[in-house]
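A closer look at the structure
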Amino acid sequence: MVDNESPGTAPFHAGEREAQLRAGVRERAEQAGRRAIRDHMPEQHRTFFAQLPMLLAGTVDSDGQPWASVLTGRPGFVSTPDACTLRIATQPLFGDPLGCSLRPGIDIGLLGIELHTRRRNRANGKVVAVDDAGIEIRITESFGNCPQYIQTRTADLTADIDHPDTARPLSQFDSLDCATRELIATADTLFIASSFRDGTAGSVDVSHRGGKPGFVRVDDERTLVVPDFAGNSYFNTYGNLLINPRAGLLFVDFDDGDLVYLTGTTEIVWDGEEVRRFAGAQRLLRFRLTEGRRVVGALPLRWTFGDYSPVLARTGSWPTAAS
């Protein structure tokens, strides 16, 4: 998206509009965007962010590669002094690519997600300050997301919640080893970062994707395929990828706290037999790895599983022969 400075204006850029047209939802998306997308955070969102122990972030590194990241802290570590300012009182986790790219002036996409209630809200903007106290962001667009495809989990803080920079075992790679392929192949949740830029205008987005365990197909040591289900019709991610096919993925080991960060290039499969083979898929995203890293035990939260999203009943799994 682009900045929404005028009430009643849907801030969709050319890529988002094209994706909406391809999906046959252009008019619906325009109407919904005019109602729901704001250039400030409503009070309900401000209260919501303040109660979270985890916030997802999307940024772009110096090589132009998007990364999805996670920031953590005790509830209250995210605050909103006013409707256009969001402060995050923490530092990036050890090994998170955000630690190398975080500086004033960069675009950032934020996703607040509360897994046990399936609530999620987005807030995108620009970093205006970074210091020992944390990060300050000027919000330029804010909107809510529906609870679809979110698996419920409750979080317990670990002793490292106040020490995000605690050193951990870290591996960097350009191909997936067996253990990382297994983590991805059994995942029911991922986060995806994408970006858009047209001259001086631009933004970064980070979004949630969920499915039955195994909804991400691992084709080989560098290639993943992710189904895309019916959503809010905004097509923020796919609209960005039509213009800039680079993306970042984040996978979380909810039991042990391992984090897997991937960045690479994408191809959108809009229709065809491969799409039809996955029940509920409206299109597919093929991701090819450029670079990745895994940090052992980095997330200072441990999760207790609740239940799968009820809407997953209308979605399928990859056939065994294609797994």
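These remarks concern the structure in this document. Predicted, not measured: the structure shown is a model, and the values here were computed from it.

This part takes up the nonpolar core. If you look at the biggest cluster of nonpolar residues, it comprises 38 residues, and the most contacted ones within it are Ile184, Leu190, Val216, Leu224, Leu249, Phe251 and Leu262. For this core, the secondary-structure elements that each account for two or more residues are helix H5 (178-185), strand E10 (189-198), strand E13 (223-228), helix H6 (236-243), strand E14 (246-252), strand E15 (259-269) and strand E16 (283-295). Not counting residues within four places of it along the chain, the set of residues in contact with Leu224 comprises Leu176, Ile184, Val216, Arg217, Val218, Leu249, Phe251, Leu262, Leu285, Arg286 and Phe287. Residues Met54, Ile113, Leu250 and Phe254 belong to the second largest nonpolar core, which totals 24 residues.

This part is about the packing of aromatic side chains. Counted under the stated rule, the structure contains 10 aromatic pairs. Put simply, the rings of Tyr149, Phe229, Phe278 and Trp318 touch in pairs and so form one group of aromatic residues. If you follow Arg153 out to its NZ or CZ, it ends over the ring of Phe254, 4.0 Å from the centre. If you follow Arg217 out to its NZ or CZ, it ends over the ring of Trp318, 4.4 Å from the centre.

What follows covers the layout of surface pockets. If a probe as big as a water molecule is rolled over the atoms, it shows which places are left empty. The volume enclosed by the largest pocket comes to roughly 470 Å³. Forming the walls of the largest pocket are 27 residues, and the residues nearest its centre are Asp228, Phe229, Ala230, Gly231 and Asn232. Listed by contribution, the elements that provide at least two residues to the lining of the largest pocket are strand E6 (119-131), strand E11 (201-210), E13 and H6. Per-element tally for the lining of the largest pocket: the top contributor is E11, with 4 residues. Looking at the lining of the largest pocket, its residues break down into 10 nonpolar, 11 polar and 6 charged.

Conventions we followed
Residues numbered from 1 in each chain as written. Predicted model: local features only at pLDDT ≥ 70, side-chain atom pairs only at ≥ 80, totals over all residues. Heavy atoms only, no water. Core = buried A, V, L, I, M, F, W, Y, C linked by side-chain atoms within 4.5 Å. Buried < 20%, exposed > 50% of the residue type's maximum accessible area, 1.4 Å probe, protein only. Helix = DSSP H or I, 4+ residues; strand = E, 2+ residues; numbered from the N terminus. Contact = heavy atoms within 4.5 Å. Phe/Tyr/Trp six-rings, centres within 6.5 Å; stacked < 30°, edge-to-face > 60°. Lys NZ or Arg CZ within 6 Å of the ring centre and 35° of its normal. 1 Å grid on protein atoms, 1.4 Å probe; cavity = no way out; pocket = protein on both sides within 12 Å on 5 of 7 lines; lining within 4 Å. Points joined across faces, edges and corners; volume = space filled by probe spheres on them. Nonpolar A, V, L, I, M, F, W, Y, C, P; charged D, E, K, R; others polar.

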